[in-house]
Amino acid sequence: IDDLAEVDYSLSSLPAVFQPFVDLDLKGIVYPAGNYTGPPYVAAPFTIPDQSDSMLYLAFSEYFFQTSSFAYYTARAFNITIAEETCSYFNISTEIFGSIIPEVAKYSVTPYPVMLKLMATEIPTISLEQDSFTVEIPGSMEVFAVLPDSTTQSLFTMNVAANTSIALNIFDQKLMGSLCLNRLQFSLAHSNVGFFEISLLENILSYILQTEVIPSANAKLSKGFPLP
């Protein structure tokens, strides 16, 4: 698929040949690149509804997307750093945070650029729906001040719960997706500047995720999964 994951479409049983059609049961397992340890899921059997108005029907189970989530989580694909250059582009600094949160202003009197580190703390949960699926991503976001000598100083860490949906389509023999952020929830996990109400930052952090993380994820999803 890419440098992080591989997909196995090998046959799981002999082809079943009938007069009007042929059934092919494929594995459909996504592995972290170079790591073929079985994922912690059990594939449930399913059938395709009887239809005959198309030449080919291709169905994916929830198991396929669960193994994708596991593979990319194992490869740390959900760990993202939003560098100081990007934050500066959005005019985000300790000064901006300090204007919203007095505790930051007291802790960091001199304005510094900031850097954000996001990571998934658990394997994202997949729920399959018609033509799309939802992804629940439990994670964390740590905010750093970038000092003049390029070292960083942690300001605070937040728990993040992201609810997203991915619309699916097939194009050019690839399974494509488009990510949409439905809901974000923040809570303060740890702070070096003292306690503050995290709701004060929700709008600015949501804006960063919507304008930086979601487009980056969609650029990767647009490359697609190769189909058998």
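Residues numbered from 1 in each chain as written. Predicted model: local features only at pLDDT ≥ 70, side-chain atom pairs only at ≥ 80, totals over all residues. Heavy atoms only, no water.

1. Topic: helix 1 (residues 62-74)
One turn of the α-helix equals 3.6 residues, which is why residues spaced by three or four share an orientation. Heads up, the rule is: Helix numbers and strand numbers start at the N terminus; a helix is a DSSP run of H or I with at least 4 residues, a strand a run of E with at least 2. To estimate the expected span of a helix, count its residues, drop one, and scale the result by 1.5 Å. Note on classification: 1.4 Å probe, protein chains only; a residue is buried when its accessible area is under 20% of the maximum for its type, exposed when over 50%, partly exposed between these limits.
In a regular helix each residue adds 1.5 Å, so 13 residues correspond to 18 Å; helix 1 covers 18 Å between its end C-alpha atoms and thus fits that length. By the criterion of burial, helix 1 is predominantly enclosed, with 10 of the 13 residues buried. For helix 1, the set of buried residues is Tyr 63, Phe 64, Phe 65, Gln 66, Thr 67, Ser 68, Ser 69, Phe 70, Ala 71 and Tyr 72. At the C-terminal side of helix 1, Arg 76 shows a positive phi close to 65°.

2. Re the domain arrangement of the protein
A common way to express how large an interface is: the accessible area buried when the components associate. Going by this rule: These domain boundaries are the output of an automatic or database domain assignment. Residue contacts are defined here by distance: any two heavy atoms, one from each residue, within 4.5 Å place the two residues in contact. In short, buried area is how much 1.4 Å probe accessible area vanishes from two parts on joining, totalled over both. Should a side-chain nitrogen of Lys or Arg be within 4 Å of a carboxyl oxygen of Asp or Glu, the pair is scored as a salt bridge. Any pair of nitrogen or oxygen atoms within 3.5 Å is treated as a polar contact; in protein, a donor-acceptor pairing is required on top of that, and neighbouring residues in sequence qualify only through side-chain atoms on both sides.
If you check the domain split of the protein, you get domain 1 (1-77) and domain 2 (78-227). Computed over C-alpha atoms only, the centres of domain 1 and domain 2 are separated by 30 Å. Taken together, the 19 residues of domain 1 in the interface contact 18 residues of domain 2. In total, about 1600 Å² of surface goes out of reach between domain 1 and domain 2, with carbon and sulfur atoms giving 72% of it. On the domain 1 side of the interface with domain 2, the three residues burying the most area are Glu 62, Phe 65 and Tyr 73, jointly 37% of the side's total. At the surface where domain 1 touches domain 2, the tally comes to zero salt bridges. Taken together, the connections running from domain 1 to domain 2 amount to seven residue pairs in polar contact (both at pLDDT 80 or more). With nine residues, helix 1 is the single largest residue contributor to the side of domain 1 that touches domain 2.

3. Focus on unusual backbone geometry
For residues other than glycine, phi is negative in most cases, and the peptide bonds are mostly trans. For Asp 172, which is not glycine, the phi torsion reads 55° and is therefore positive. Position of Asp 172 among the secondary structure elements: in the loop between strand 9 (152-171) and strand 10 (174-191). Positive phi is not limited to glycine here, since Gln 173 has a value of about 60°. Residue position: Gln 173 is located in the loop between strand 9 and strand 10. Accessibility expressed as a relative area gives 68% for Gln 173, which makes it exposed.

4. Some thoughts on the pattern of salt bridges
A full pass over the atoms with the stated rule returns two salt bridges. Where Asp 8 meets Lys 27, a salt bridge forms, and the shortest distance between an N and an O atom there is 3.7 Å. Taken together, the residues span a long stretch of sequence, with Asp 8 in strand 1 (residues 5-8) and Lys 27 in the loop between strand 3 (22-23) and strand 4 (29-32) at a distance of 19 residues. For Lys 27, a relative accessible area of 39% translates into the label partly exposed. Measuring nitrogen to oxygen at the nearest pair gives 3.9 Å for the salt bridge that ties Arg 183 to Glu 136. Of the two residues, Arg 183 sits in strand 10 while Glu 136 sits in strand 8 (residues 132-146), which places them 47 residues apart along the sequence. By relative accessible area, Glu 136 is classed as partly exposed at 33%.

5. Here we look at the pairing of strand 7 (residues 125-129)
For clarity, the threshold we go by: Here the rule is simple: two strands pair whenever DSSP picks up at least two bridges between them.
Across five bridges, the pairing between strand 7 and strand 8 is antiparallel. Within strand 8, the residue paired with Ile 126 across the bridge is Val 135. The turn joining strand 7 and strand 8, which pair antiparallel and follow one another in sequence, is formed by two residues; a positive phi near 65° is taken by Asp 131.

6. Quick notes on the side chain of Ser 191
Mapped onto the fold, Ser 191 is located in strand 10. On the accessibility criterion, Ser 191 (19% relative accessible area) is buried. A distance of 3.1 Å separates a polar side-chain atom of Ser 191 from the backbone nitrogen of Val 193. Among the polar contacts listed, one links the side chain of Ser 191 to the backbone oxygen of Gly 194, at a separation of 2.7 Å. Every residue in contact with Ser 191, bar those within four places of it in the chain, is listed here: Leu 155, Phe 156 and Phe 196.

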